[in-house]
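# Chain and residue survey
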Amino acid sequence: MRYSSLENQSESLYSKFLRLNISYILLIILLAIIGTLTLYSAANGSWEPWAVRHISRFVLALGLMLGLALIDARKYYKYAYAFYFITLVMLVLVEVSGHIGMGAQRWINLGFFKLQPSELMKIGMVLFMARYFSSMTIQGIRSIRGIIIPVVMALLPVGLIFLEPDLGTAIMLLLTAAIMLFTVGVQWWKFVLVGILAVVALPIGWNFLHEYQQNRVLTFLDPERDPLGAGYHIIQSKIAFGSGGLFGKGFLHGTQTHLNFLPEKHTDFIFTMFSEEFGMIGGLFLLFINLLVLLMGYFFAFRTRNYFAKLVIIGLNTNYFLYIFINIAMVMGLLPVVGVPLPLISYGGTVMFSIMASFGIILCMAVSNINADNFNED
Amino acid sequence: MSYRDEKIKILGPRILLIILLNILAFMLIVARLYYLQIFEADKYRTMSDENRISTRFLVPPRGTIYDRNGEIIAKNEQDFQALLIMEQTPDAQKTLDDFKRLIELSPQEEQRISADIKKHRRFIPIKLKSNLNWNEVSKIMLHAPDLPGIEINEGLSRKYPFAELYAHVLGYVGPVAEKDKKDSPIYMVPGFKIGKSGLEKSLDYKLQGQGGTVKLEVNAYGRVMKEIERNSGSIGDSIQITIDTRLQKAAYQAFGDNSGAAVVIDVHSGEILALVSTPSFDPNLFTNGISYRNWNDLLNNERTPLINKAVSGQYSPGSTFKIVVALAALEAGVIDAKTRYYCSGGMDIGGTRFHCWRHFGHGPQNVVEALKNSCDIFFYETALRVGIDKIHDMALRLGLGQQFDIGLDNQKSGLIPSQQWKKNAKDAAWTKGDSANAGIGQGYVLITPLHLATMLARVVNGGYAVEPTLIKKAANKTVKNKFLNISQRSLNLVKQGMYEVVNAVGGTAARAKFNINGMQMGGKTGTTQVRRISMKERKAGIIRDEQLPWKLRNHALFIGFTPIDEPRYAVAVVVEHGSSGSGVAAPIASKILQKALELDI
């Protein structure tokens, strides 16, 4: 039968492990090593406080990735909605407790770990969309009624995260949803229409932005507006890039970073630091590795015949792409500084675990269902 | 199930589009990298260096000034200053307030500091207070952690060990004022001093030396990480002057409380051995900015301590000018040693009665007697016969009416009148009365003490045009002075007259005479009226000059030289409102010349 829906139940974890794409994993490890060394330099040539924690987190996250890669792929399909709704509830909880407590709050304290529901939602929404469209006809996809539910299910978390406020994550989530809608075949004109509506609504939406967010946008448009305040970061970042030149100032010799002219060098601005020390050559290399990771992801999406798997890979790959593009574009002054880190390179536990989780799911989707078109066939 | 085929089919091209989008986005990033790191790299490299490199200017030590014997008369002394570097403190006002709690600041200082803060860029150190004593320095050091941005700087400050003794010769240094600003960035360095008067001003450039720079790598908070490059510059040139401190001191002390000036010249070399102007002031007060009160005291003092009377005080020469008149007449052949004029105490000239200072007259006088007695009638007659223009020429030959290249820029030229001069300046014809007045050094004639000393040196050295000098020349550089072409006979007659002024019975300065191992003094007194005693004052009982208010009393002058046979030293003394040349000025000159002989400079 063409639409064999069952994978081989008897396949052992070990044999499945052997089928995982090893070059993909090696590229991820390479990125983490680059990140660790860059953090070593960021601390003026010291493993403390960032590099050593970064690498140990990565080792933990690598375990998480492999664990998620070895899970039975049908489980993702089965629990997609549940995962989405639990995450949505957590987002609401964060929002409510944020109002009760003081100021912005983005996480739930689990004692040993501060869980950010917004990061979980990046995966949750992809799973939701993939499952939803798996069971949808092409006619349904092309109708307005058919996309109301996914659009609402996308906008709900986007709105909640926007209110946290976490503009960067909200935008990433929104774009991921849009790309997924585009992938499954929603007509061009609907995007154009929404685009026009967005431009019209922009002045209204502006008023909903917090003052610091407004400032970030204004400062992005004109960094000189506030050369000692918010614009300082982007000016100093551009100086670091430019002074790095073609070959860079050398490992541990980036003056902009080591003399503290560059802020947030170990988190959002780590690509700046890397490019100052390794120049355009280094920057191109890092971009190339990331592009390879992305292209391999798209290759997995093409290779699998399973609709759900294809969509999950596209969604998670898009999420990864947005991390890289938004982070690099913002530190180079192409986008406003919205606080998006560079996965595997920037210091920070949340993004490390969330991105490694999504790599795990991609690996799982890439190998588990080569012969299955759809999970809900049985 | 075709709908599923269609659903799958639509994914392929759309995924390809997304891949294309990703690649385009990466190309955009690459283009941006190229733009920043290749195209604009130079611009950002410069900006990066501007970020991290802070250039500070090093003020070179100012050149030392020595007297003729190698004694240091201007030097640099270590001085501790507290500086504030704005970019190194999170809250400048708080730091400043904390500092004020430790070290007292005057309202003027606070004003200057807040002006400096506004004026300078954040990384330029602002001077808070200089001349800190050890106690204050240790207080600041102790509280250093609470005083971010405050640094103790070991600077050099100008010191004049002899204080008022050299105030007018050396002048003083002071902070750079707005009008002194030059392009050189060293002028912006806090604590940089420039010469404000005297030699410090005229030789400022030589004394300053070449400023150095040090390039420091600083971090974003302005903390110095390391030194990148240092160019030490070069220290200022040292200068030796011709004055002998011991003689200078003697001359200064000889004046006591009198206001005036004295210049001592080596008659052969023209070297100035002493140059004093009294009262004086302490130039050390100016080094770190003089206080308002001290400045006002100096400015409003009626005895004008800030003015160098030796070169900028212009006085009527009075009877000292009779030397010039006598030489002019002798050289013109109008008179000779035997020519006598009868002094009856007065004479009519151009319808006006001219008196001799001696009411009853001196009787018949020849030139030597007339000099000895300072007979006015003789010189009225002589001046009328020889004419003002010949007197003018002789005066110029003897160095009057000009400025000298001694390195002091506030010299006055004095005034030696001539017929032409009066026509130009007053649009009036020269009269006989003018000649008679000039004959006794009154009227239009004006000189400075430096002029008088130079004039006397030229007369007693045998008629050579010595130029006064203040800066010591290299030993191998001997200047050959031009002969003035005055006959030795004339010079000897004048010298004889001056000898008798001091040493003959009845000479006007007989009280000032001395004899040290046979070495004696010759000279000429002068007393010049500042204002006639009015009839009203005579009626009120004021008949003597000393009874007038100080400001209205006569100036007292004396020029003297020693030894008689082979003169070495010439001195000119002016005592402002000193009443009497013989009574006040001559004893001062006598003391100075005795000291010069004793020192055997």
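Here the structure is a predicted model, which is why all the values come from computation and not from measurement.

Now for unusual backbone geometry. All names here are of chain B. Here the bond from T278 into P279 is cis, since omega is -10°, no more than 30 degrees from zero. Relative to the assigned elements, P279 resides in the loop between β12 (272-278) and α10 (284-287). Here the amide bond leading from T562 into P563 is cis, since omega sits at -15°, within 30 degrees of zero. Along the chain, P563 turns up in the loop between β18 (555-562) and β19 (569-575). Of note, the phi angle at N485 is positive, near 65°, even though the residue is not glycine. For N485, the position within the fold is in the loop between α19 (449-460) and α20 (488-503).

The next thing to look at is the packing of helix α8 (residues 144-163) of chain A against helix α9 (residues 167-184) of chain A. Residues and elements named next belong to chain A. Interhelical geometry of α8 versus α9 gives an angle of 170° and a closest axis separation of 8 Å. Classified by the angle between their axes, α8 and α9 sit roughly antiparallel to one another. Of the residues in α9, those in contact with I147, P150, A154, P157, V158, I161 and F162 of α8 are L167, T169, A170, L173, L174, A177 and L181. Tallied by class, the residues present in the contact of α8 with α9 amount to 13 nonpolar, one polar and no charged.

What follows deals with the interface of chain B and chain A. With 34 residues of chain B at the interface, the matching set in chain A holds 39 residues. Looking at the side of chain B that touches chain A, the elements with two or more residues in it are α1 (2-39) and α2 (41-52) of chain B. For the side of chain B that touches chain A, the leading source of residues is α1(B), giving 21 residues.

Now for the sheet that holds strand β9 (residues 224-231) of chain B. In a beta sheet, neighbouring strands are held together by backbone hydrogen bonds and run either parallel or antiparallel to one another. All names here are of chain B. Spatially, β1-β8-β9 is the arrangement adopted by the three strands of the open sheet, whose pairing is antiparallel. The open sheet has two edge strands, β1 (53-58) and β9, and neither has a second partner. Direction aside, neighbouring strands of the sheet carry axes that sit 25° apart on average.

Side chains on a regular strand alternate between the two faces of the sheet. Residues and elements named next belong to chain B. Across the seven residues of strand β17 (residues 522-528), seven count as buried, placing the element largely inside the fold. The alternating pattern of β17 places G522, K524, G526 and T528 and G523, T525 and T527 on opposite faces, both of which are buried. Bridging between β17 and β18 involves seven bridges; their strand directions are antiparallel. Across the sheet, residue G526 finds its bridge partner in β18, namely L557.

Attention now goes to the confidence of the model for chain A. For any part of a model where pLDDT is low, the fine detail of the predicted coordinates should not be relied upon. Put simply, chain A has an average pLDDT of 87, and 88% of its residues get 70 or more. For the stretch residues 1-8 of chain A, pLDDT sits under 50, and the model shows 14 contacts to residues farther than four places along the chain or on other chains.

Turning next to the confidence of the model for chain B. Within chain B, residue pLDDT values average 88, and 96% of them lie at 70 or more. For this predicted complex, the interface score ipTM comes out at 0.92, while the overall pTM is 0.68.

Time to look at the environment of B:L552. All names here are of chain B. Structurally, the position occupied by L552 is in the loop between α21 (535-539) and β18. The partly exposed category is assigned to L552, around which 16 C-beta atoms lie within 10 Å. C-alpha of L552 to C-alpha of E576: the two residues are 24 residues apart in sequence and 9.9 Å apart in space.

Let us now look at helix α10 (residues 188-206) of chain A. All names here are of chain A. When the terminal C-alpha atoms of α10 are compared, their 26 Å separation across 19 residues agrees well with the 27 Å that a helix rising 1.5 Å per residue should span. The largest bend in α10 amounts to roughly 45° and is located at V200, with the proline P203 lying one to four residues further along. Of all 19 residues in α10, zero are buried, a share of ten percent or less.

On to the sheet that holds β17(B). All names here are of chain B. Pairing is antiparallel in the open sheet, where five strands are placed in the order β12-β11-β19-β18-β17. Whereas interior strands pair on both sides, the edge strands pair on one side only; in this sheet they are β12 and β17. Strand-to-strand, the axes of this sheet are offset by a mean angle of 5°, without reference to chain direction. In the sheet, strand β11 (residues 260-266) pairs with β19 via seven bridges, with the strands oriented antiparallel.

Below, the discussion takes up the packing of helix α6 (residues 117-134) of chain A against α8(A). Residue and element names in this part refer to chain A. The contact between α6 and α8 brings their axes to 10 Å, and the two run at 175°. Considered as vectors, α6 and α8 are oriented roughly antiparallel to each other. Residue-level inspection shows S118, M121, M125, F128, M129 and Y132 of α6 in contact with α8, the latter providing I149, P150, M153, A154, P157 and I161. Of the residues assigned to the contact of α6 with α8, the class counts are 11 nonpolar, one polar and no charged.

Parameters at a glance
- Residues numbered from 1 in each chain as written.
- Chains lettered and ligands numbered in written order.
- Predicted model: local features only at pLDDT ≥ 70, side-chain atom pairs only at ≥ 80, totals over all residues.
- Helix = DSSP H or I, 4+ residues; strand = E, 2+ residues; numbered from the N terminus.
- Axes fitted to C-alpha atoms, helices over the stretch in contact; angles between N-to-C directions.
- Parallel < 35°, antiparallel > 145°, perpendicular 65-115°, else oblique.
- Contact = placed C-beta atoms within 7 Å.
- Nonpolar A, V, L, I, M, F, W, Y, C, P; charged D, E, K, R; others polar.
- Pairing = 2+ DSSP bridges.
- Buried ≥ 20, exposed ≤ 12 C-beta atoms within 10 Å, placed from the backbone.
- pLDDT = per-residue confidence, 0-100.
- Expected span 1.5 Å × (residues − 1).
- Bend = angle between axes of the 7 residues up to and from the residue.

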